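One letter stands for each residue in the lines below.
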Amino acid sequence: MKARHADESGVVERDGIKVHWESFGEGSTTIVFLPTWSVIPSEQWKLQVPTFARRHRVLTFDGRGSGRSDRPTSAAAYTHHEFAADTLAVLDATGTDQAVLVAFSCGTLWGIQVTADHPDRVIGLVSICPAVPLAPPHPERQVHPFEPVLDEDDGWAKYNRPYWDRDYAGFLEFFFGKVFTEAHSSKQIEDCIGWGLDNDPDTLADALRGMDACGRESFRTVCELVDRPVLVIHGDEDAIRPHAAGAALADLTGGDLLTVAGGGHAPHARDPVVVNAAIGQFVGRVARAPIRTTWTRAPRRPKRALYLSSPIGLGHARRDVAIARELRALHPDLEIEWLAQHPVTSALAGAGERVHPGSRFLANESAHVEDECHDEHDLHAFQAIRRMDEILVNNFGVFHEAVTEQSYDLVIGDEAWDVDHFLHENPELKRFSFAWMTDFVGWLPMPDGGAHEVALTADHNAEMIEQRARFGRIRDRSIFVGDPEDIVPDTFGPGLPSIREWTEANFEFAGYVTGFDPLELGDREAMRAELGYRPDERICLVTVGGSGVGSSLLRRVVDAAPAARRLVPGLRFVVVAGPRIDPRTLPKRAGVSYRRYVPDLHRHMAAVDVAVVQGGLTTCMELTANRRPFVYVPLRHHFEQTFHVRHRLQRYGAGRCVSYEEASDPDLLAAEIAAEVQRPVDYRFVDPGGAARAAASLAQLL
């Protein structure tokens, strides 16, 4: 799912070639992110567009030969003059008088041409790792010719026209492996290979030949004509184009140079936070926008905390509100703001909490998770979070703006993956105490993912371990919501440490945080009467949490209801669809009633006779704390529900696990529900003091 969709789109036609463009956001300054070599489309800018569209008007267009634009069939159609003319045509078609141009790699060829020929249309130019003829190429790239058949295909011999016909995918794998020389770049490489496979060797060869027409001396002359501000960003470990080319471009144009030490050829994809900050500062300078800020002297600043509660699983909100209340009890003068998104905002509103106004700019992570659930009750959670990269970059940008514009003593991130990751990647941005909370540690592969998924999860775990070893100062507290025994008995991957051993060395343990004390819920029979349940009826509560991924499970439970009612006479099903599922889309059955959203769901869980739920930790642990029988059905391919949650529930002796495949048989599911109703409850006790322990630890940071 995209973090930001286009507000407008269109096609401009020039000399019979159609070029597709998109427009995002609005503002007095327009930023045009230019296309690069036709191997990838404008989607390469996905980590920039949402960030800049919050304050500016942003234009992108697929370069000829890529994406949704036409693919002409001659090298002459791909010269830098043609791309420059396309840029001007897009500016005209969108009514853009002037713009800041941002170019990557070969895009600098036409970015410079437009800036030199039409200075009245350009406010400034940013060039990222320019592929320009201003310095000798890397020696290894000069060994093999492009056109003739070669008798080898190792290394740069793959950058060869006949090889592309034999193994185009192999070329893409090699090439983008060279684009991203940084460790832990599997997602960026995977994206670029996927985009590259949408193209073909003939188009790519024509585009390469067309760009080769740009000679060194003629390009140098064009650079000398540029009289607009220029910023060059270049990695000093760029294996595609040497850093010397970027330095030479900055010298020729009188521009600024930002060297990304240790960076490869595409820092806007690999290090988007620092690149976006540099572009933002450049745009602010060249656009000459007035700046209005306020600085408050430290003694006058109120005591503030910013709380980030993960929307993936509505239960985070209840435990976080409970911790916030305990924290206020220890620091009555503390102001807490929440950077949150739906459905968490619904729970916060009911609790009277204050949501930060910047929350409206957050891209919705729950919607992304739902979008990733392509098959019935099947969510590959690890891959879904990997594919959330543009959402996470956008949301970290919103967070960074919030903590830059306002001072906070403490930031609390309950599984705020974006904040934790990018603070470790950009440690200079930390200017507050930071506490990280989670109820699981370690990405785990699903068995059918094979060796590839084992390698990917291990790589993600290794990156996290390396970050913590190098920048332990980023987290002032790491709090595990549970006990050491709740941690799975696995390793982080081949050659990596034990998850439990590492977690015990790097976290403190609060115990589980339910957000309520079952002993304070009162008399169960009185509570049943208050909630509308008769003393003589048996109630089965069915809920799948705050996202929409559980609708297929709700249908299976409803289909099993008639058989269950025959086994347990009078059993009534109360189905809580949640805030993102419309009950009107679910089937009608005798003895089945629907509710959309129940703010005090934990009270209903304490009152009913049995429950059927997904395998989410919060819901299952609330039922465990309330000592209620329940059946849980983990989402397929959801590593956390399959491994982490199930391990914890087995430790507590709670719940009856039924696979989704087993739940497809209404009679089998009905029998499991009936058996659970009769099952004596003998769960391990859930200590209700977790919120207070977590708050006591956080309070020390204030």
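Not measured: the values here are computed from a predicted model.

Criteria and cut-off values
Here the residue numbers are simple positions, counted from 1 along each chain's written sequence. A pLDDT threshold of at least 70 governs which residues receive local features in this predicted model, and a stricter bar of 80 or more applies before side-chain atom pairs are shown or counted, although totals over entire chains, interfaces and linings include all residues. Only hydrogens and water are set aside when side-chain values are computed; all heavy atoms of the structure are taken into account. Only DSSP runs of H or I with at least four residues qualify as helices, and only runs of E with at least two residues qualify as strands; both kinds are numbered from the N terminus onward. For the purposes of these results, a polar contact is taken to be a pair of N or O atoms within 3.5 Å, where, inside protein, one atom must be able to donate a hydrogen and its partner to accept one; residues adjacent in sequence count only when each atom of the pair is a side-chain atom. A contact between two residues is defined here by any heavy atoms of the two lying within 4.5 Å. Burial classes: relative accessible area under 20% of the type maximum marks a residue as buried, over 50% as exposed, and values in between as partly exposed (1.4 Å probe, protein chains only). Only residues whose relative accessible area exceeds 30% and that form no salt bridge are eligible for patches; like-charged ones are grouped when within 9 Å, while nonpolar side chains (Val, Leu, Ile, Met, Phe, Trp, Tyr) are grouped when within 5 Å. All accessible-area figures derive from a Shrake-Rupley calculation using a 1.4 Å probe, and residue coverage is judged against the displayed protein chains alone. Should a side-chain nitrogen of Lys or Arg be within 4 Å of a carboxyl oxygen of Asp or Glu, the pair is scored as a salt bridge. By the counting scheme adopted, Arg and Lys are positive, Glu and Asp are negative, and His together with the chain ends is not counted. By convention, charge coordinates are those of NZ in Lys, CZ in Arg, CG in Asp, or CD in Glu. Side-chain rings of Phe, Tyr and Trp, where Trp is taken by its six-membered ring, are said to pair if the distance between their centres is within 6.5 Å; with planes under 30 degrees apart they count as stacked, over 60 as edge-to-face, and otherwise as tilted. At least two bridges found by DSSP between two strands is the condition for calling them paired. Here, axes are lines fitted to C-alpha atoms. For helices the fit covers the stretch in contact, and angles between N-to-C directions go from 0 to 180 degrees. Working definition: roughly parallel below 35 degrees, roughly antiparallel above 145 degrees, roughly perpendicular at 65 to 115 degrees, and oblique for all remaining angles. Less than a right angle of anticlockwise turn of the near helix away from the far helix marks a crossing as left-handed, whereas a clockwise turn marks it as right-handed. Note that Gly is not counted as nonpolar here; it falls among the polar residues with everything else outside the nonpolar set of Ala, Val, Leu, Ile, Met, Phe, Trp, Tyr, Cys and Pro and the charged set of Asp, Glu, Lys and Arg.

Bringing the side chain of Q341 into the picture now. Turning to its location among the elements, Q341 is positioned in the loop between β10 (335–339) and α13 (344–350). A polar side-chain atom of Q341 sits 2.6 Å from the main-chain amide nitrogen of E365. If near-sequence neighbours (up to four positions away) are discounted, Q341 is found in contact with P311, L362, A363, N364, E365, S366 and N395.

The next subject is the side chain of E337. Position of E337 among the secondary structure elements: in strand β10. Its relative accessible area of 10% is what places E337 among the buried residues. In this structure, E337 is in contact with A305, L306, Y307, R354, H356 and Y408, ignoring residues within four places of it in sequence.

Once that is clear, we can look at a negative patch on the surface. There is a patch of like negative charges on the surface, built from D151, E152, D153, D154, D167 and E173. Mapping D167 onto the fold places it in the loop between α4 (161–166) and α5 (168–179).

The subject of this paragraph is the packing of aromatic side chains. Taken as a whole and assessed by the stated rule, the structure comprises 35 aromatic pairs. On the basis of an interplanar angle of 80° and a centroid distance of 6.5 Å, the ring pair of W156 and F175 is categorised as edge-to-face. One end of the pair, W156, is in the loop between β6 (122–128) and α4; the other, F175, is in helix α5, and 19 residues separate them in sequence. For the pair W156 and F175, a shared accessibility class is recorded, and that class is buried. Ring plane angle 55° and centroid distance 5.9 Å describe the contact between F382 and W443, whose orientation is recorded as tilted. In this pair, F382 is assigned in helix α15 (residues 381–386) and W443 in the loop between β13 (433–438) and α18 (450–470), connecting sequence segments 61 residues apart.

Pairing between the strands of a sheet comes from backbone hydrogen bonds, and it takes one of two forms, parallel or antiparallel. Here eight strands make up an open sheet; going across it, the order is β1-β2-β4-β3-β5-β6-β7-β8 and the pairing mixed. The two strands at the open ends of the sheet, each matched to only one other strand, are β1 (8–14) and β8 (256–260). This sheet shows a mean twist of 20° between the axes of neighbouring strands, independent of strand direction. Pairing between strand β3 (residues 30–33) and strand β5 (residues 99–104): three bridges, direction parallel. In the strand pairing of β5, I31 is matched with V100. Lying over the sheet, helix α2 (residues 80–93) contacts β1, β2 (17–24), β3, β4 (57–61) and β5, oriented at roughly 130° with respect to β1. Its contacts with the sheet put helix α11 (residues 272–287) on β3, β5, β6, β7 (230–235) and β8, and the angle it makes with β6 is roughly 160°.

All right, on to unusual backbone geometry then. Here the amide bond leading from H342 into P343 is cis, since omega sits at 10°, within 30 degrees of zero. Note on placement: P343 falls in the loop between β10 and α13. For S105, which is not glycine, the phi dihedral falls at a positive 55°. Here S105 shows up in the loop between β5 and α3 (107–117).

A few words now on the packing of helix α12 (residues 315–330) against helix α26 (residues 690–699). One can describe the packing of α12 onto α26 by two numbers: an axis separation of 8 Å at closest approach and a directional angle of 50°. By the angle between their axes, α12 is oblique relative to α26. Crossing hand, α12 versus α26: right-handed. Contacts between α12 and α26 pair A322, I323, E326, L327 and L330 from the former with A691, A692, A694, A695, A696, L698 and A699 from the latter. Its residues assigned to classes, the contact of α12 with α26 shows eleven nonpolar, no polar and one charged.

With five of five residues buried, β4 lies mostly within the body of the structure. What you see with β4 is no split at all: R57, L59 and F61 on one side and V58 and T60 on the other are buried throughout. Alignment of β2 against β4, held across four bridges, turns out to be antiparallel. From the neighbouring strand, F24 faces β4, where its bridge partner is V58. Bridge count between β3 and β4: four bridges; the pairing is parallel. Each bridged residue has a counterpart across the sheet, and for I31 the counterpart in β4 is V58.

It is worth spelling out the sheet that holds strand β16 (residues 539–543) at this point. Here we have six strands laid out as an open sheet, ordered β18-β17-β16-β19-β20-β21, and parallel in their pairing. Of all strands in the sheet, those bounded by a partner on one side alone are β18 (592–595) and β21 (656–657). With two bridges connecting them, strand β20 (residues 630–633) and β21 associate as parallel partners. Among the inter-strand pairings, Y632 is bridged to a residue of β21, identified as C657. Contacting β16, β19 (610–614) and β20, helix α23 (residues 617–625) crosses the sheet at an angle of about 160° to β19.

This paragraph deals with the packing of helix α16 (residues 389–405) against helix α17 (residues 417–425). Taken N-terminus to C-terminus, the directions of α16 and α17 make an angle of 80°; their axes are 9 Å apart at the nearest point. Between α16 and α17, the angle falls in the class roughly perpendicular. Judged by residue contacts, L392, V393, N395, F396 and F399 of α16 engage D418, V419, F422 and L423 from α17. Split by residue class, the contact of α16 with α17 holds seven nonpolar, one polar and one charged.

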